[in-house]
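Structural description and commentary
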Amino acid sequence: MHNINYIRDNPIEFDNAMKLRGEDAISYKILEIDKIKRETQTVLQNLLSERNTLSKEIGYLKSKNGNAKNEISKVEELKEKINSLKELENIKENELNSILTRLPNIPHKSVPNGKDEKDNTFYRQWSSKPKFSFKPKVHYEIGEKIGLINFENASKLSGSRFVILKNQISKLERSISNFMLDKHTQENGYIEYSVPFLVKEDSLFGTGQLPKFGDDLFTAGDDHWLIPTAEVPLTNLVRNEILNINQLPIRSTSFTPCFRSEAGAAGKDTRGMLRQHQFTKVELVSVVEPEYSQDELERMLSCAESILKDLNIHYRVMTLCSGDMGFSANKTYDIEVWLPGEEKYREISSCSNCGDFQARRMNTRYKKDDKNILVHTLNGSGLAVGRTLIAILENYQMEDGNVEIPEVLRKYFNNKTLL
RNA sequence: GGAGAGAUGGCUGAGCGGUUGAAAGCACCGGUCUUGAAAACCGGCAACGGGGCAACUCGUUCGUGAGUUCGAAUCUCACUCUCUCCGCCA
């Protein structure tokens, strides 16, 4: 959510920022509502003040057994005016909120301008594309051939966009998540959490999924929603808190399933397990002081990258352009892993700085020099486990159809070298 | 699922129709004392918003929403959440 004071002071900059994100210029409308709201408020507050004074007099007179008839009838007159002004203030407040809560975050000045993913820019890469002496297969061919990835049975149980992993591949998924959590908790300074997979509306509002993107989520009825990412529970851990400065930075991580309805992705990536209604992910979340958030984004990115480096898989990092970023982000890096079977780079992590955008929605502040200041929040995948599994299958496949186990994962397999 | 209790400031916890924005304690900040620290003592310390260049001033907020009243943390209703006991259960 946006700071109304910023819009008041910088309406043109604000409109320009929104245009970069594909929104219409709307500051004139916001400021008009804001103006009426404040004028109403001023008149209302004067009347309230008058009422309060009179009520105190009445109390005083009554305690002295005096006659307060006059004062009481005066207050009764005020009441009507007060109520209608309150109503107007309320209406304007709601109008303002419904606009403000639906506008995306302002891009950081280092973010490239652009419309969609084609305008994302190259940031850096690590290692290079592996060479194969045979034609590498795509992940589902590898998995289905050895009978350990099963889509038909999954759709029997749950419909399309679900998958069943079996035996060594199931174990591979588990070992990947263990490896990631171990790395982040032991080397990267994150604290591990086990969190609820069902959350209430407030939490989803806090991180920005609601009110605008309910279609992308699954509901569990009774005001419970399935989390689309552990960002939601981890970030909302500090909702409505005033933190002590020495609690910062907070770095948390969690391994969870993620549930997404993929409402807008009809026909996209229907083959394989790249885009599922349910997938697992290790998430990283940071809560920091404002002045450190861009540094923290770089740090978080490095932590996510460290996983792929250890797995020895080639990837590149892209800076998302203004039009391709998620709703709450002011800057986002995507890590795209190389998939030799597909011969494509595919997103495996997305690391975002949300600035104070989520903090304002969540009302999360910290105390500094006697002032309450909104924190900055960041989140990133560290990494998407399902897609990491795909990357391992495709990058570590051998001509005979078997798959080598990456060295860092072998300890989870009794030092076996092949799946 | 049945029965009961509760929700007050960063935390604990009084208040139960009229200087109560809210006692007290803890935490925190400043000071005195001390070689330094601790202790002790003194002082400060809620959030959000409106108006004002500012000193300042006004309003709102005691889980959330509605209601009663001249006036509500205090009364009424609904909702949400927490806790205890019983049942069921991984």
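Residues numbered from 1 in each chain as written. Chains lettered and ligands numbered in written order. Predicted model: local features only at pLDDT ≥ 70, side-chain atom pairs only at ≥ 80, totals over all residues. Heavy atoms only, no water.

The next subject is the overall build of chain A. Looking only at helices and strands, chain A features twelve helices and 15 strands. Its C-alpha atoms put chain A at 100 × 45 × 45 Å along the principal axes. Taken across its 419 residues, chain A has 49% of its residues classed as buried. Considering only contacts within chain A whose residues lie at least 6 apart along the sequence, 73% involve residues at least 24 apart. With 58 positive and 60 negative side-chain charges, chain A shows a spacing of 1 Å between the two charge centroids. (Helix = DSSP H or I, 4+ residues; strand = E, 2+ residues; numbered from the N terminus. Buried < 20%, exposed > 50% of the residue type's maximum accessible area, 1.4 Å probe, protein only. Contact = heavy atoms within 4.5 Å. Lys, Arg positive; Asp, Glu negative; His and termini not counted. Charge placed at Lys NZ, Arg CZ, Asp CG, Glu CD.)

Take the protein's contact with RNA strand B next. Near RNA strand B lie 22 residues; those nearest to it are T42, S55, V75, R365 and N372. The contact atoms of RNA strand B, taken as those within 4 Å of the protein, divide so that sugar and phosphate hold 78%. S55 places a polar main-chain atom, nitrogen or oxygen, 3.0 Å from a base nitrogen of RNA strand B. At 2.9 Å from a phosphate oxygen of RNA strand B is found a side-chain nitrogen or oxygen belonging to N372. (Near = heavy atom within 4 Å. Polar contact = N/O pair within 3.5 Å; in protein donor to acceptor, adjacent residues only side chain to side chain.)

In contact at an axis separation of 9 Å, helix 2 (residues 11-20) and helix 3 (residues 27-63) are set at 130 degrees when each is read in the N-to-C sense. When the axis of helix 2 is compared with that of helix 3, the two are oblique. On the side of helix 2, the interface is formed by P11, F14 and D15, while helix 3 contributes S27, I30 and L31. (Axes fitted to C-alpha atoms, helices over the stretch in contact; angles between N-to-C directions. Parallel < 35°, antiparallel > 145°, perpendicular 65-115°, else oblique.)

Another point: helix 2. Among the residues of helix 2, those classed as buried are F14, D15, A17 and M18. Along the axis of helix 2, the buried residues cluster in a sector spanning 160 degrees; they form a single face. On its buried face, helix 2 sits against helix 1 (4-9) and helix 3. Two residues or fewer after helix 2 comes G22, characterised by a positive phi angle close to 80 degrees. (Arc of directions from axis to C-beta.)

Judged by nonpolar contacts, the single largest core of 51 residues is most densely connected at L172, L393 and L409. Of all the elements, helix 10 (residues 293-311) adds the most residues to this core, at eight residues. Core analysis: the next-biggest nonpolar cluster, separate from the first, contains twelve residues, I33, L96, I99 and L100 among them. (Core = buried A, V, L, I, M, F, W, Y, C linked by side-chain atoms within 4.5 Å.)

Our focus in this paragraph is the pattern of salt bridges. Enumeration over the complete set of coordinates arrives at 23 salt bridges. With a shortest N-O distance of 3.5 Å, K212 and E23 are connected by a salt bridge. You can see K212 sitting in the loop between helix 8 (201-207) and strand 6 (225-226) and its partner E23 sitting in the loop between helix 2 and helix 3, a full 189 residues away along the chain. Linking K118 and D116 is a salt bridge whose minimum nitrogen-to-oxygen distance equals 3.7 Å. K118 sits in the exposed class, given a relative accessible area of 72%. Three or more residues joined by partner-sharing salt bridges are found here, namely E262, D269, R275, E342 and R346. (Salt bridge = Lys/Arg side-chain N within 4 Å of Asp/Glu carboxyl O.)

Counted according to the given criterion, the structure contains six aromatic pairs. Geometrically, the ring pair formed by W126 and Y315 is stacked, given 6.1 Å between the ring centres and 15 degrees between the ring planes. Of this pair, W126 sits in strand 1 (residues 121-126) while Y315 sits in strand 10 (residues 315-319), placing them 189 residues apart in sequence. The class of W126 is partly exposed, set by a relative accessible area of 25%. When the ring of F327 is compared with that of F357, the centres are 5.4 Å apart and the planes differ by 80 degrees; the resulting orientation is edge-to-face. Taken together, the residues span a long stretch of sequence, with F327 in the loop between strand 10 and strand 11 (331-339) and F357 in helix 11 (residues 357-362) at a distance of 30 residues. Considered together, F327 and F357 belong to a single accessibility category, that of buried residues. Clustering of aromatic rings is evident, with ring pairs tying together F213, F327 and F357. The side chain of K129 reaches across the aromatic face of W338, ending 4.4 Å from its centre. In this structure, R361 is placed above the aromatic ring of F205, and the distance from its NZ or CZ to the ring centre is 4.5 Å. (Phe/Tyr/Trp six-rings, centres within 6.5 Å; stacked < 30°, edge-to-face > 60°. Lys NZ or Arg CZ within 6 Å of the ring centre and 35° of its normal.)

With that settled, consider the sheet that holds strand 11. Strands sit in the order 1-10-11-12-15-9-8-4 across an open sheet of eight strands; the sheet is mixed. Unpaired on one side and paired on the other, strand 1 and strand 4 (191-193) mark the two borders of the sheet. Recorded for the sheet is a direction-independent mean angle of 25 degrees between the axes of neighbouring strands. Here seven bridges tie strand 9 (residues 278-288) to strand 15 (residues 376-384), and the two strands are oriented antiparallel to one another. Bridge pairing in strand 15 places E283 opposite S381. Taken strand by strand, helix 12 (residues 385-395) contacts strand 8 (250-259), strand 9, strand 11, strand 12 (344-353) and strand 15, and its axis lies near 35 degrees from that of strand 15. (Pairing = 2+ DSSP bridges.)

Turning our attention to the domain arrangement of chain A. Assigned domains within chain A: domain 1 (4-100) and domain 2 (117-413). Computed from C-alpha coordinates alone, the two centres of domain 1 and domain 2 are separated by 43 Å. (Domains from an automatic or database assignment.)

Okay, the side chain of N330 next. Note that N330 resides in the loop between strand 10 and strand 11. A distance of 3.4 Å separates a polar atom in the side chain of N330 from a polar atom in the side chain of Q294. Aside from chain neighbours lying at most four places away, what touches N330 is N105, I106, P107, H108, V111, Q294, M325, N353, C354 and G355.

Residue position: S350 is located in strand 12. Within the structure, the side chain of S350 is placed 2.8 Å from the side chain of D334, a separation counted as a polar contact. Once residues lying within four places of it in the same chain are set aside, the contact partners of S350 are T332, Y333, D334, N379, G380 and S381.

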